Amino acid sequence: MNPALQAWSLYARATKRWPALAALVPFIPVVALWWIVAAAGVFPRAFFPSPPDVVRSFADLVYKGILPEYLEDSVARLAVGAAAGMAIGIPLGLLVGLSRKAHAALWPPLLFFQAIGDIAWLPILLIWFGFGLATMTFVIVYTVLFPVVLNTVLGVRSVPVELHRAALSLGASKPRILWEVVLPGALPNIITGLRNGLGYGWRALIAAEMIVGTSGVGFLMFDARRAGSVVEIVLGMIVLGLLWYIVDAWVLAPIERATGQRWGLVTR
Amino acid sequence: MGWTGRILAGAKFLAPLAVLLVLWPILIRAFNVNPQIFPDITAVARAGLESIRDGSLFAHMGASLARVAVGTVLAILVAVPLGVLMGVSPGVSAFLTPLLRFFSVLAGIAWIPIATLWFGYGFGAITFVIFNAVFFIVAYNTLLGVSTIPMQVRNAAASLGAGRWTMLAEVLLPGALPNIVTGVRTGLGFAWRGLIAAEIIATNIGLGYMIFVARDFYRTEVIVFGMIVIGALWLLIDRLLLAPVERATIERWGMVRSA
Amino acid sequence: MKSLAIRNLSKTYFDAYAGAHVDAVRDVSLEVPEGEFVSIVGPSGCGKTTILNMVAGFIAPSSGEILVGDHAVAGPGPDRGVVFQSFALFPWKTVLENVAFGPKMRGVGKPERERIAREFLSLAGLSHAAERYPNELSGGMQQRVGVARALANEPDVLLMDEPFASVDAQTRMTLQEELTRIWQERRSTVLFITHDVPEAVFLANRVVVLSKGRVLEEVDIPLPRPRRWDALVESDDFKALANQVLQLVRSA
Ligand SMILES: Nc1ncnc2c1ncn2[C@@H]1O[C@H](COP(=O)(O)OP(=O)(O)OP(=O)(O)O)[C@@H](O)[C@H]1O
Ligand SMILES: [Mg+2]
């Protein structure tokens, strides 16, 4: 066998054993290429920092305590927004999904307000609440809310009528059916909604932090832009990507594996 | 459904929105709301008419739509062939998937600071942000679509005598199409928000700029009018352009969908 | 255990698509005495499911009445257990939790309802699968769970709508034999719907032939029990009865 193929098969076996490897190794050539291009001086250093520059700036910002503090601010805002968005979105979605009247009255406005993207609210929110936490919280809750509501409705409506009937003829009351049938049946969709909502909410948060922020990863990046520090911008982008990766791999994916996939409602 | 049925359904859909429109001025009067907090419907209508008369609305709309169109078309033109190429071999696609996922997570807004540094404020930076939002998500979805076409289907096509190009045109592209369309729809969703954010930050024309400048003068009627235009434009793009295409591909192929 | 009485039952649907009324069930009367097993057969679209859905309380009759014991049916309830063609198991509950669902709704405590569920699972020959999820079972096993779940709630009447239609022929015969065994043990009142004539004859004390929403004929099935397929396929009595019903269905 030729050595390239041998290396490939070694890689295939290793990633099978340690799946995390498959997520990390592909970044090696990218970083290497980045390093080479930066070292070759194709672009001015200030415009195109090299990997060590970014690592140094990472160490620097961690040492000064700025990065941990900003990261904490961003994550806390996202968590609060996600929690509030779900707390409002799931009950609202259940209502709209179950009640014909609620659906007729609320579905069109829901679609319309969803279309006015979160960020378009910023100017008027700034007038109402000023530059601060209230504005950012509103934007995130707003962003998370709609995907959760719309997908919850879809989920509720996707529960087969037979399951309602089975529960009724086994003696379940309406509230019990909500808890035992409707909610678990809609759960895979609710999680999809949460995933989409977090995806949008996350970006909205970054935008809000750039435009109105005084702290947070978005602010860090935009502040760096003002100071012309590309290193910190790149660092911010990497942090954002990693953070999402962690949320996805450690929070969302395990929930999905434990629910919809286990029950055979979602195939992957 | 006949056309009477369709009109009825349309009317039923619009009725709650009409109720909101009627309630709006009533509530404004009942609570005596300061127009610097929230405008009356008549003020919004006047602001709308004025922006149409002096042509500023079309200038802003044109700028925004041009950026979206250029960025999106470029992104699709590059992303789809690239995605197909990468998806042809299972090994390559498995290797590249984490990379594409990482970059599609960053797609859009996160690129604003660096894009404005590289391209300066204006058309270039904003189009780059949109390109970015669409490119990675479409490339990732194309890759996903191609790599999930069952090997049997490809073998069947090959044994029926499909060459390289026929395979591409008859099997790989149509097979990946539902994923590509979904990718475009998701990517455009991010791009549209990215557009508004970028226009707030980095330009002096466009719908995002229009509403953000109005804030400086507490012209809430212009802001609300702009929000309605932004929402209506997105509804038109999404419901009239993207959703029907997605439905046509996805439902024909019997795949699942989400809201 | 109670009797089931259906009196002058009719159902007219409005088909919005065609813009016309459909008389799905017309003036059907039927008595199922306590502990009897009655099958309804008939060609597709003759109104079998509609009748069962009215008895179950899922849809309201246009006219007529349905009595369980001396109680008029007004909606779905635990006095009538239903076994669905699509199984209708809760995908997010284990087999044990599915079977324990009825007792749970009655407020039975956890240890007791799990004991009940295990008892019925062993009756259905599924003790080994208690902790699995429905999507990890074969179709035949899923339907055994469906039957056990309905029985575990101790209904007065058991309603079954083509419960074995979506399993393979081998499994179907096994399930039919198991059902007769379980029925003999527990003597439930059963209304069983099928369009498979041998199945109807094999299972029932009486077969009701339905045609275009009306009862065409009732045929008593005095075959001895326990019934087993290997014995019955040879039996002339079985063949004659099955033939008689088949002729009725074909003339329907
Ligand atoms: N919801 C409905 N609206 C309008 N017509 C209906 C509806 N449900 C059933 N029907 C009609 O009523 C008639 C009886 O239907 P039903 O489902 O009871 O038949 P069935 O005997 O169970 O048939 P199968 O053996 O195919 O299950 C059919 O003509 C059917 O088209
Ligand atoms: Mg039927």
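K.L.:
Which residues make up the overall build of chain B, and what values do they have?
P.N.:
Along its length, chain B carries 10 helices and zero strands. Counted from the first residue to the last, chain B has its helices and strands arranged as α-α-α-α-α-α-α-α-α-α. On the principal axes, the C-alpha backbone points of chain B span a range of 75 × 55 × 30 Å. Classification of the 259 residues of chain B by burial places 50% in the buried group. The contacts in chain B between residues at least 6 apart in sequence include a share of 71% that link residues at least 24 apart. Accessible surface for chain B amounts to roughly 12,600 Å². Of this, 71% is attributable to carbon and sulfur atoms.

K.L.:
Please give an account of the pairing of strand β9 (residues 206-211) of chain C that cites residues and values.
P.N.:
Residue and element names in this part refer to chain C. With six of its six residues buried, β9 lies for the most part within the structure. Here four bridges tie strand β3 (residues 37-41) to β9, and the two strands are oriented parallel to one another. For Val-38, the partnering residue across the bridge sits in β9 and is Arg-206. Here β9 pairs with strand β10 (residues 214-220) via six bridges, running antiparallel. When the sheet's bridge partners are listed, Val-209 is paired in β10 with Glu-217.

K.L.:
Now, about the domain arrangement of chain C: what can you tell me, with residues and values included?
P.N.:
Residues and elements named next belong to chain C. As far as domains go, chain C holds domain 1 (4-79 + 155-251) and domain 2 (89-154). The C-alpha-based centres of domain 1 and domain 2 are spaced at 24 Å. With 17 residues of domain 1 at the contact, the number on the domain 2 side is 13 residues. For the pair domain 1 and domain 2, the summed buried surface comes to about 1,200 Å²; carbon and sulfur atoms form 64% of the total. Together, Pro-155, Ile-182 and Arg-186 form the three largest contributors to the area buried by domain 1 at its contact with domain 2, with a combined 39%. At the junction of domain 1 with domain 2, the criterion picks out one salt bridge. Joining domain 1 to domain 2, the criterion identifies three residue pairs in polar contact (both at pLDDT 80 or more). Among the elements of the structure, β7 (157-161) and α6 (169-186) are those that each provide at least two residues to the side of domain 1 that touches domain 2. Here the element with the most residues in the side of domain 1 that touches domain 2 is α6; it accounts for eight residues.

K.L.:
Can you break down the arrangement of the chains residue by residue, with the values?
P.N.:
The assembly contains two pairs of chains in contact; the pair sharing the most contacts is chains A and B. A gap remains between chain B and chain C, which never touch, and the nearest two C-alpha atoms on either side lie 8 Å apart.

K.L.:
Could you give an account of unusual backbone geometry, with specific residues and numbers?
P.N.:
All names here are of chain C. The step from Arg-225 to Pro-226 runs through a cis peptide bond, and the omega angle for that step is -5°. Mapping Pro-226 onto the fold places it in the loop between β10 and α8 (229-232). Despite not being glycine, Glu-154 shows a phi value in the positive range, around 50°. Position of Glu-154 relative to the elements: it lies in the loop between α5 (139-152) and β7. You will see that Lys-212, though not glycine, has its phi angle at about 45°, which is positive. Mapped onto the secondary structure, Lys-212 falls in the loop between β9 and β10.

K.L.:
Talk me through the packing of aromatic side chains; I want residue IDs and the actual numbers.
P.N.:
Residues and elements named next belong to chain A. Taken as a whole, this structure holds 31 aromatic pairs over all chains when the rule is applied. Where Phe-138 meets Tyr-142, the ring centres are 6.0 Å apart and the plane angle is 15°; that geometry is what we call stacked. With Phe-138 and Tyr-142 both in helix α8 (residues 133-158) and four residues apart, this pair spans about one turn of that helix. Take Phe-138: its relative accessible area is 27%, and that puts it in the partly exposed class.

K.L.:
Tell me about the site of ligand 1, residues and numbers included.
P.N.:
All names here are of chain C. For ligand 1, the full set of nearby residues is Tyr-13, Ala-24, Ser-44, Gly-45, Cys-46, Gly-47, Lys-48, Thr-49, Thr-50, Glu-162 and His-195. Contact distances for ligand 1 include 2.8 Å between an oxygen atom and a side-chain N or O atom of Lys-48. For ligand 1, an oxygen atom lies 2.5 Å from a polar atom in the side chain of Thr-50. Calculation on ligand 1 without its partners gives an accessible area of 640 Å², and the protein chains cover 61% of this total. The element that contributes the greatest number of residues to the shell around ligand 1 is helix α1 (residues 48-56), accounting for three residues. Grouping the constituent residues of the shell around ligand 1 by class yields three nonpolar, six polar and two charged.

K.L.:
Describe the pattern of salt bridges, with residues and values.
P.N.:
Taken as a whole and judged by the stated rule, the model has 25 salt bridges over all chains. The salt bridge involving A:Asp60 is made with A:Lys64; its shortest N-O contact spans 3.2 Å. One end of the pair, A:Asp60, and the other, A:Lys64, are both in helix α4 (residues 51-64), four residues apart, so they sit about a helical turn from each other. The salt bridge partner of B:Arg29 is B:Asp40, with a shortest N-O separation of 2.4 Å. Pair noted here: B:Arg29 is in helix α1 (residues 3-30) and B:Asp40 is in the loop between α1 and α2 (41-53), with a separation of 11 residues, a long-range link. Taking relative accessible area as the criterion, B:Asp40 reaches 13% and is therefore assigned buried.

Conventions and cut-offs
- Residues numbered from 1 in each chain as written.
- Chains lettered and ligands numbered in written order.
- Predicted model: local features only at pLDDT ≥ 70, side-chain atom pairs only at ≥ 80, totals over all residues.
- Heavy atoms only, no water.
- Helix = DSSP H or I, 4+ residues; strand = E, 2+ residues; numbered from the N terminus.
- Buried < 20%, exposed > 50% of the residue type's maximum accessible area, 1.4 Å probe, protein only.
- Contact = heavy atoms within 4.5 Å.
- Areas by Shrake-Rupley, 256 points an atom, 1.4 Å probe, with all protein chains shown as cover.
- Pairing = 2+ DSSP bridges.
- Domains from an automatic or database assignment.
- Buried area = accessible area lost by both parts, 1.4 Å probe.
- Salt bridge = Lys/Arg side-chain N within 4 Å of Asp/Glu carboxyl O.
- Polar contact = N/O pair within 3.5 Å; in protein donor to acceptor, adjacent residues only side chain to side chain.
- Phe/Tyr/Trp six-rings, centres within 6.5 Å; stacked < 30°, edge-to-face > 60°.
- Near = heavy atom within 4 Å.
- Nonpolar A, V, L, I, M, F, W, Y, C, P; charged D, E, K, R; others polar.

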